[in-house]
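Observations on the three-dimensional arrangement
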Amino acid sequence: MGDVAAKIKIMPESIETDLAELKEKVKSAIPAGADLHGDIVEEPIAFGLKALIVTLIVNDEEGGTEPAEEAFAKVPGVENVQVLEAYRI
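Read on for an overview of the structure. (Residues numbered from 1 in each chain as written. Predicted model: local features only at pLDDT ≥ 70, side-chain atom pairs only at ≥ 80, totals over all residues. Heavy atoms only, no water.)

Scanning the entire structure with this criterion turns up six salt bridges. Between Lys-7 and Glu-85 there is a salt bridge; the shortest N-O distance is 3.7 Å. One end of the pair, Lys-7, is in strand E1 (residues 3-12); the other, Glu-85, is in strand E5 (residues 78-88), and 78 residues separate them in sequence. Lys-7 sits in the partly exposed class, given a relative accessible area of 30%. (Salt bridge = Lys/Arg side-chain N within 4 Å of Asp/Glu carboxyl O. Helix = DSSP H or I, 4+ residues; strand = E, 2+ residues; numbered from the N terminus. Buried < 20%, exposed > 50% of the residue type's maximum accessible area, 1.4 Å probe, protein only.)

Moving on, we come to the environment of Phe-72. The residue Phe-72 is located in helix H2 (residues 66-73) in this model. Considered as a pair, Phe-72 and Lys-23 are 49 residues apart in the sequence and their alpha carbons are 11 Å apart. For Phe-72, the residues in contact, after removing those within four places along its chain, are Ile-8, Ile-10, Val-26, Ala-29, Ile-30, Val-54, Leu-56, Val-78 and Val-81. (Contact = heavy atoms within 4.5 Å.)

The phi angle at Phe-47 is positive, at roughly 55°, despite the residue not being glycine. When you line up the elements, Phe-47 lands in the loop between strand E3 (41-46) and strand E4 (49-59). Taking relative accessible area as the criterion, Phe-47 reaches 82% and is therefore assigned exposed.

Bringing the side chain of Lys-23 into the picture now. Within the element layout of this structure, Lys-23 appears in helix H1 (residues 19-29). Since its relative accessible area comes to 19%, Lys-23 is described here as buried. Setting aside chain neighbours within four positions, we find Lys-23 in contact with Ile-40, Glu-42 and Leu-52.

As a further point, take the pairing of E3. Bridge analysis of E3 against E4 gives five bridges, and the strand direction is antiparallel. Each bridged residue has a counterpart across the sheet, and for Val-41 the counterpart in E4 is Ile-53. Counted along the chain from E3 to the antiparallel partner E4, the turn is two residues long, and its residue Phe-47 has a positive phi close to 55°. (Pairing = 2+ DSSP bridges.)

In structure tokens form, the structure reads like this:
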């Protein structure tokens, strides 16, 4: 088995959410077996709201991104989590 790169969108609860603080919380929530690839990027959505885009490298096994998705969803200030892309590397 190889590795998978997964691009994950994290939506904050509101426009008032401190994105710098949220980035740190997300970094600390990355589960074992997943590695952050690059920086966490802010993506403008609408009306000043920005999403965080996280790229992780995970093992190519069943449920590969699920632990990360579940961990990110539990971070205070996160509204929802969505996998945008996943591909083998």
